[in-house]
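# Structural features, examined
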Amino acid sequence: MDVTVIGLGYIGLPTALILASTGHTVTGVDCQKEKISKLQTGKIELEEPGLQMVYRKALPHICFQESYPASSFYIVAVPTPYDKVTKKIDSTYVTEAVTSILSVAKENAVIVIESTVSPGTIRCRVKPLVQAWQAKTGNNIYVAHAPERIIPGRMIYELVHNPRTIGCDDSVIGEKVKQVYATFCQNEIILTDIATAEMSKVVENTYRDVNIAYANELAKLCRLAGLDVYEIIRIANKHPRVQILSPGPGVGGHCISVDPWFLVGDYPLETNLIYEARKINDGMPEYVLERIYDIMQENGLNHLERIGLYGLTYKENVDDVRNSPTLQLINSMQRHLASGIRVYDPLVRTNIVDYQFHDFQAFLKQIDLMVIMVGHQHLLNNLDLIKGKIIFDTRNVLGERAQYTL
Ligand code: SAJ
C-alpha cells in the first residue's frame, strides 16, 4: 500500500517509519524544508528507543519531501493547538492539510486524521471540505480518525503494543484502515464511529489530567497536615482499585495540558470538575514559587541568582519543552518582574531562557538552592555533584536525599 504521512513530528515520524519498516511504500511530507533535508540525509532529531533500528528498516521504502504526492492512503499528524482565550481547538493545520490532499488524492483515497481533535471537529471542519470536493469532481474520498496513544520515550514500543482506536463512519473503509494499522499494531484495534473515536481520545487525556490534579491537591493538603503525601499515595495505591498518580510542579506537554480544554471550551457548563482540575494543575508552578520563597526565607537566601531550576522539559528523559512547568514558572516570574533564576537541563542544548547553563557543574557553582523540576536520569547519574546543595525536589526523585518536597 502506498501511504503518505503529513506532519513528521513526534507522532508522524515514528508512524511513517514503522509503516515503511513493515514494507509499505511511504512518503513523509512536512512543511519544514530543514526537517526534510535532515531526514533525507539520515539525520533523525527525535531521540526515541528503537527509532534508529526502525529507520534503517524503513529506508528502502520511504522518501521525504515537502510536496503532497498523489496517494491512496493519507495519514494527517499535524499539530492541533487550542485557542488560549476561547479554549476551542484551532484545526487550521488539519484543514490546510486536508485541502492540500484533496488537490492531489487518487480516486477512493482514504484520509486518516491522527491529530487529536475535539469531538465533532471532523464532522464540522473536515467532512465539508471532502463533500465539496466530491461534488466538484464526482470522485470518492473517505475519512477516518485514528488517535494515537504513544508516550515520549516509549513511542516505538507503544505503537506496536498499545491497543488502537479506529473511527470511521463507513465500516468497509474502517476495516481497510484497520488492516493497514494491523501491519504494525499487535494489540486489539477497536473499530467505532468517528465522533466516538474523537471523544474517547480527549477523554483518555482528560482522565489523566484530573487524576494528576487530585495528586497535586493531596500534596498541598498533606503539607498543611504535616504528612508525607508520597507515603500516603504509596499506601493508598496498595488498594486493588486505587491508582493515584504523582504530584508534580505542573502539567506540561502538548496533550494532557491541552485536550481537557477542548471539553471545557465546547461544554463550559458541564465541565466543572475538568475545569477545576485544569486550574489546579496550571496553578502548580505558582505553588512551587511560593514554596521556593518559603525555603529561601527559612535558609536566609536573599538572592534569586543563587537559586537554580533543574529541568526545562515537560517531563523526564525527553527533550520536549512545550508548555513545560518550568517555562510556566519562569513566565509567572516575568509577569512579577522577577528575573535572574538559573536554569539547567541536560537535554536542552539550545538557549531558550535567560540565565540558562549548558554545563551542570558551572550551574551548580552558581547556586545554593536547586529546585528539581524534572527527574531526568542524568540527575540520578550525577548525585555526587549535588552534595552540599539545598534541594527542593518537586518530583520526589531523590527521596530522603532532598531536604524539601512539594
Ligand atoms: N505528570 C504528573 N504526574 C503524573 C504523570 C504526569 O505531574 O503522575 C505530568 C508530567 O510531568 C507532564 C504532564 O503531566 O508534565 C504530561 O505527561 P504525561 O506523561 O502524563 O503525558 P504525555 O503528554 O507525555 O502523553 C499523554 C499520554 N496519554 C495518557 O497517558 C492518557 C499518551 O499516551 C498520549 O499519546 C499523549 O498524551 C497524547 O499525545 O495525547
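Here goes a summary of the coordinates provided. (Residues numbered from 1 in each chain as written. Predicted model: local features only at pLDDT ≥ 70, side-chain atom pairs only at ≥ 80, totals over all residues. Heavy atoms only, no water.)

## Points about the site of the ligand
The full set close to the ligand counts 20 residues, and R149, I150, K201, R208 and Y314 are the nearest of them. Contacts to the ligand include E148, whose side-chain N or O atom sits 2.7 Å from an oxygen atom. Look at the ligand: alone it shows 760 Å² of surface, and the protein chains cover 89% of it. Among the residues making up the shell around the ligand, the classes are represented as 9 nonpolar, 4 polar and 7 charged. (Near = heavy atom within 4 Å. Polar contact = N/O pair within 3.5 Å; in protein donor to acceptor, adjacent residues only side chain to side chain. Areas by Shrake-Rupley, 256 points an atom, 1.4 Å probe, with all protein chains shown as cover. Nonpolar A, V, L, I, M, F, W, Y, C, P; charged D, E, K, R; others polar.)

## Description of the side chain of R291
As for its placement among the helices and strands, R291 is situated in helix 12 (residues 284–298). Among the polar contacts made by the side chain of R291, one reaches the main-chain carbonyl oxygen of T405 at a distance of 2.7 Å. Here R291 is in contact with R223, F392, Y404, T405 and L406, once residues within four sequence places are set aside. (Helix = DSSP H or I, 4+ residues; strand = E, 2+ residues; numbered from the N terminus. Contact = heavy atoms within 4.5 Å.)

## Here's the deal with the sheet that holds strand 7 (residues 164–168)
Here 8 strands make up an open sheet; going across it, the order is 3-2-1-4-5-6-7-8 and the pairing mixed. Looking along the sheet, the strands with just one partner apiece sit at the ends: strand 3 (62–65) and strand 8 (189–192). Here the strands of the sheet are splayed against their neighbours by 20° on average, with no regard to which way each runs. As paired elements, strand 7 and strand 8 share 4 bridges and run parallel to each other. Among the inter-strand pairings, G167 is bridged to a residue of strand 8, identified as T192. Across the face of the sheet, helix 4 (residues 92–102) comes into contact with strand 1 (2–6), strand 4 (73–76), strand 5 (109–113) and strand 6 (141–145) while running at roughly 170° to strand 5. (Pairing = 2+ DSSP bridges. Axes fitted to C-alpha atoms, helices over the stretch in contact; angles between N-to-C directions.)

## Remarks on the packing of helix 8 (residues 194–225) against helix 9 (residues 229–236)
Across the interface, helix 8 lies against helix 9 with an axial gap of 9 Å and an inter-helix angle of 130°. Taken together, the axis directions place helix 8 and helix 9 in an arrangement best described as oblique. Read as a crossing pair, helix 8 and helix 9 show a hand that is right-handed. Between helix 8 and helix 9, the contacting residues are A215, L218, A219 and C222 on the first element and V229, I232 and I233 on the second. (Parallel < 35°, antiparallel > 145°, perpendicular 65-115°, else oblique. Left-handed = near helix turned anticlockwise from the far one by under 90°.)

## Some words on helix 5 (residues 121–137)
In this model helix 5 runs 24 Å from its N-terminal to its C-terminal C-alpha over 17 residues, within 8% of the 24 Å that 1.5 Å per residue would give. Along helix 5, the residues that are buried comprise T121, I122, V126, V130 and W133. Structurally, helix 5 contributes buried residues whose contacts are with helix 4, strand 5, strand 6 and helix 8. Directly after helix 5, the chain includes G138, whose backbone phi takes a positive value near 75°. (Expected span 1.5 Å × (residues − 1). Buried < 20%, exposed > 50% of the residue type's maximum accessible area, 1.4 Å probe, protein only.)

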